[in-house]
Amino acid sequence: MYRIDSKVDTNSDEFIRNKQEFLRILDEYKLILDQVKHGAPEQSVARHKERDKLLARERIDLLVDPNTPFLELSPLAAYGEYNYQFPSAGIITGVGVIHGRETLIIANDATVKGGTYVKETIKKHVRAQQVAIENRLPCVYMVDSGGIFLPEQSKVFADRFNFGRFFYNQARLSAMGVPQIAIVMGSCTAGGAYVPAMSDETIIVKKQGTIFIGGPPLVKAATGEVVTPEELGGADVHTAISGVADHYAENDRHAIQICRNIFQNLEAVDKQKLDISVPEDPYYDPEEIYGLAPIDFRKPVDAKEIIARMVDGSRFHEFKTRYAPTLVTGFARIMGYPVGILANNGVLFSESSLKGAHFVELCQIRKIPLLFMQNITGFIVGKQYEHGGIARDGAKFVHAVANADVPKFTVVFGGSFGAGNYAMAGRAYDPRLLFMWPNARISVMGGEQASGVLIQVKEEQLAKAGKELDPETKEKLRQEILHKYDVEGSPYFSTSRLWDDGIIDPVDTRKILAMGIAMSLNQKFPDMKNGVFRM
Ligand code: COA
């Protein structure tokens, strides 16, 4: 494969200015991430430690193999909501390696409102299980939760992807033959009791773990029976009397060790074969991305310059270099893993859509994971293009992407607007993982365009009544819409609502994608299957 020949002058004013601005954005992101990771109230953390319990992230550190990374998902979930009282939505999820096995880990953070579940906590738990289902990953549930956050019950209890989905997913994962282990390290009340009860093996910690369908206050109210939590459903009860749990642990560390031992006796996995080569650093320094990544979206950025700083040896075997250049397509390696890359280099035309659909099919049939690099304002608009059938050609691209069952990964490195988001494997297209860079923006269209559309609609409405929009009201309306799109287009707004799996530093993108591809090999890639492509 040829090395990309970079044309960027890293000493230019433009590059240096971009880098300075990017580093400011990156610092802000790192500060927010740090605040969130230490966001639980001090007194809750102190009380938790006094009880001789480890914090959720400490538990995960001990569970995974030493010196292996933990790919945390959506650490900024619920950011900016609930008066900042639910850092990370009170739950830590992600992929780590236990005895060499990529494993999905879900750990309640009991220092955040007793580890209770609000809407985003639920979404994060269900999303993590979806990652396990799609990639056939064993699961470890580190349970320490008061269940549903009761004031929010109407938003978390009854709907399809609400609390009940956890146990449905556990049953489905089990039927797939996916091992699931629960470690009960604290409270496990009401519906939450099904997490350990539906796992293959359950460990419970002495004097800390409790499992019951109704806690002592409910029992007293319902039957008048007075009972302590320990008598009702502590570690002694469940390992010696009820048999709901299988292993009795002296403390958190002991429980984690038992869990690791369980992993030594799991069935070996039959992984998807992939032609993996020796990893190699990019020839061009990944940190140069800071000087290149789009901040002002009016300025075009050559996607190949970004690719050059992400792939092994900066080598790229481009497909259809001369045709439809607003979509760059080609093959490369990331930490030794083969990938087919589609990266936006401008607006999507009919030709770029056909090129994209063709390339996706190539990767599907060759069983090569797909990487979508989004920086897209959308599909081209106008009479000429509608007459040329842009809707039909765009549909082919969307169709190919939706049906591509090889693992897809999406990185939003600039803007993600309009139907371009769909064609480029946005969240609705089930990429195995989707990340945003901190400079990214996401919304149905840009604020300027949205204000233009809405003002025009308003003007036409008034014109029908023989009225006009006065300049002052028009400007006020424009400013309101711009402000709304500014807030809602932010990556923090997206990540808080789990439209993505997290915001990442561009320099870490290679490492994160490599972990994603490694995890995806636990599920064999299905054969290509497409429906009707309109011609
Ligand atoms: N809904 C809403 N808030 C809850 C809650 C719930 N289910 N469970 C706990 N909280 C809140 C508490 O009000 C407290 O809030 P604050 O910090 O603003 O005062 C915080 O979570 C911590 O609770 P606290 O009882 O002080 O902590 P703890 O560590 O001693 O006990 C629990 C934690 C979860 C064991 C205990 O709070 C409990 O039993 N909660 C009720 C569990 C339940 O019955 N759930 C059924 C829901 S399906």
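Rules behind the numbers
- Residues numbered from 1 in each chain as written.
- Predicted model: local features only at pLDDT ≥ 70, side-chain atom pairs only at ≥ 80, totals over all residues.
- Heavy atoms only, no water.
- Salt bridge = Lys/Arg side-chain N within 4 Å of Asp/Glu carboxyl O.
- Helix = DSSP H or I, 4+ residues; strand = E, 2+ residues; numbered from the N terminus.
- Buried < 20%, exposed > 50% of the residue type's maximum accessible area, 1.4 Å probe, protein only.
- Phe/Tyr/Trp six-rings, centres within 6.5 Å; stacked < 30°, edge-to-face > 60°.
- Lys NZ or Arg CZ within 6 Å of the ring centre and 35° of its normal.
- Contact = heavy atoms within 4.5 Å.
- Pairing = 2+ DSSP bridges.
- Polar contact = N/O pair within 3.5 Å; in protein donor to acceptor, adjacent residues only side chain to side chain.
- Near = heavy atom within 4 Å.
- Nonpolar A, V, L, I, M, F, W, Y, C, P; charged D, E, K, R; others polar.
- Expected span 1.5 Å × (residues − 1).
- Arc of directions from axis to C-beta.
- Axes fitted to C-alpha atoms, helices over the stretch in contact; angles between N-to-C directions.
- Parallel < 35°, antiparallel > 145°, perpendicular 65-115°, else oblique.
- Left-handed = near helix turned anticlockwise from the far one by under 90°.

Colleague: Any chance you could break down the pattern of salt bridges for me, citing the residues and the numbers?
Modeller: The tally for this structure, following the rule as stated, stands at 33 salt bridges. Taking the shortest distance from any N to any O, the salt bridge between Lys271 and Glu102 comes out at 3.2 Å. Within this pair, whereas Lys271 is found in the loop between helix H11 (252-263) and helix H12 (289-292), its partner Glu102 is found in strand S3 (residues 101-108), the two being separated by 169 residues in sequence. Exposure remark for Lys271: the relative accessible area of 31% places this residue in the partly exposed category. One network of salt bridges, in which partners are shared, links Lys53, Arg59, Asp144 and Asp252.

Colleague: Talk me through the packing of aromatic side chains; I want residue IDs and the actual numbers.
Modeller: In total, this model carries 19 aromatic pairs according to the counting rule given. For the ring pair Tyr82 and Phe86, a centre distance of 5.3 Å and an interplane angle of 65° mean the geometry is edge-to-face. A relative accessible area of 3% means that Phe86 is categorised as buried. Plain terms: the ring middles of Phe413 and Trp437 are 6.1 Å apart, the flat faces sit at 70° to each other, and that makes the pair edge-to-face. Of this pair, Phe413 sits in strand S12 (residues 408-417) while Trp437 sits in the loop between strand S13 (433-436) and strand S14 (441-443); the two residues are 24 residues apart in sequence, bridging distant segments of the chain. Accessibility expressed as a relative area gives 0% for Trp437, which makes it buried. Each residue in the set Tyr117, Phe163, Phe166, Phe167 and Tyr194 is aromatic and connected to the rest through ring pairs, giving one cluster. Seen from the ring of Tyr283, Arg3 lies directly overhead, with NZ or CZ sitting 3.5 Å from the centre. Over the aromatic face of Tyr323 sits the side chain of Lys320, whose NZ or CZ is 4.8 Å from the ring centroid.

Colleague: Summarise the environment of Glu288; cite the residues concerned and give the values.
Modeller: The residue Glu288 is located in the loop between H11 and H12 in this model. In the structure, Glu288 is positioned 273 residues away from Phe15 in sequence and 8.8 Å away in space, judged by C-alpha atoms. Once residues within four sequence positions are removed from consideration, Glu288 is found in contact with Thr10, Phe15 and Arg309.

Colleague: Could you give an account of the pairing of S13, with specific residues and numbers?
Modeller: Burial along S13 is two-sided: the face carrying Leu433 and Phe435 and the face carrying Leu434 and Met436 are both buried. Bridge analysis of S12 against S13 gives four bridges, and the strand direction is parallel. Its bridge partner being in S13, Val411 is matched across the sheet by Phe435.

Colleague: Would you mind going over the side chain of Arg309 in detail, with residue names and values included?
Modeller: With respect to the helices and strands, Arg309 occurs in the loop between helix H13 (303-308) and strand S8 (317-319). Taking the relative accessible area as the measure of exposure, Arg309 reaches 1% and is therefore buried. A distance of 2.9 Å separates polar atoms of two side chains, one belonging to Arg309 and the other to Ser6. One polar contact links Arg309 to Glu288, side chain to side chain, over a distance of 2.9 Å. Leaving out residues up to four positions away in the same chain, Arg309 has contacts with Ser6, Val8, Pro282, Tyr284, Asp285, Pro286, Glu288, Ile289 and Leu292.

Colleague: Explain unusual backbone geometry to me, using residue names and the numbers behind them.
Modeller: With phi around 70°, Ala78 is a residue other than glycine that occupies positive phi space. Here Ala78 is to be found in the loop between strand S1 (71-73) and strand S2 (91-98). Phi is positive for Lys320, which is not a glycine, with a value near 60°. The residue Lys320 is located in the loop between S8 and strand S9 (327-334) in this model. What makes Lys320 partly exposed here is its relative accessible area of 34%.

Colleague: Can you lay out the site of the ligand for me, pointing to particular residues and giving the numbers?
Modeller: Inspection of the region around the ligand gives 13 residues, with Arg51, Lys113, Gly146, Ile148 and Leu150 positioned closest. Take Arg47: an N or O atom from its side chain is 3.4 Å from an oxygen atom of the ligand. The backbone of Leu150 places a nitrogen or oxygen atom 2.9 Å from a nitrogen atom of the ligand. Split into classes, the residues belonging to the shell around the ligand amount to five nonpolar, five polar and three charged.

Colleague: So what's going on with helix H18 (residues 447-464)? Residues and values would help.
Modeller: Here H18 contains 18 residues, and its C-alpha end-to-end distance of 26 Å stays within 8% of the 26 Å for a straight helix at 1.5 Å per residue. Burial in H18 covers these residues: Gly447, Ala450, Ser451 and Ile455. An end-on view of H18 places all buried positions within 125° of arc, on one side of the element. Buried residues in H18 make contact with helix H19 (471-488). A positive backbone phi angle near 70° is found at Gly466, which sits one or two residues after H18.

Colleague: Explain the packing of H18 against H19 to me, using residue names and the numbers behind them.
Modeller: One can describe the packing of H18 onto H19 by two numbers: an axis separation of 9 Å at closest approach and a directional angle of 140°. Accordingly, the angle class assigned to the pair H18 and H19 is oblique. In this structure, H18 crosses over H19, and the sense of that crossing is right-handed. Residue-level contacts link Gly447, Glu448, Ala450, Ser451, Leu454, Ile455, Lys458 and Glu459 of H18 to Lys474, Leu477, Arg478, Ile481, Leu482 and Tyr485 of H19.

Colleague: Provide a residue-level description of the pairing of S9, including the pertinent values.
Modeller: For S9, a buried count of eight out of eight residues is recorded, marking the element as mostly surrounded by other parts of the structure. Of the two faces of S9, the one holding Leu327, Thr329, Phe331 and Arg333 and the one holding Val328, Gly330, Ala332 and Ile334 are both buried throughout. In the sheet, S8 pairs with S9 via three bridges, with the strands oriented antiparallel. Residue pairing in the sheet places Phe319 in a bridge with Thr329 of S9. Pairing of S9 with strand S10 (residues 337-344), which is carried by eight bridges, proceeds in the antiparallel orientation. Across the sheet, Phe331 pairs through a bridge with Gly340, a residue of S10. Once S9 ends, the chain turns through two residues before running back antiparallel as S10, passing Met335 with a positive phi of about 50°.

Colleague: Residues and numbers for the packing of helix H3 (residues 56-63) against H11, please.
Modeller: Contact geometry of H3 with H11 gives a least axis separation of 9 Å together with a crossing angle of 40°. Taken as axis vectors, H3 and H11 run oblique relative to one another. Classified by chirality, the crossing of H11 by H3 is right-handed. Of the residues in H11, those touching H3 at Arg59, Leu62 and Leu63 are Asp252, Arg253, Ile256, Cys259 and Arg260.

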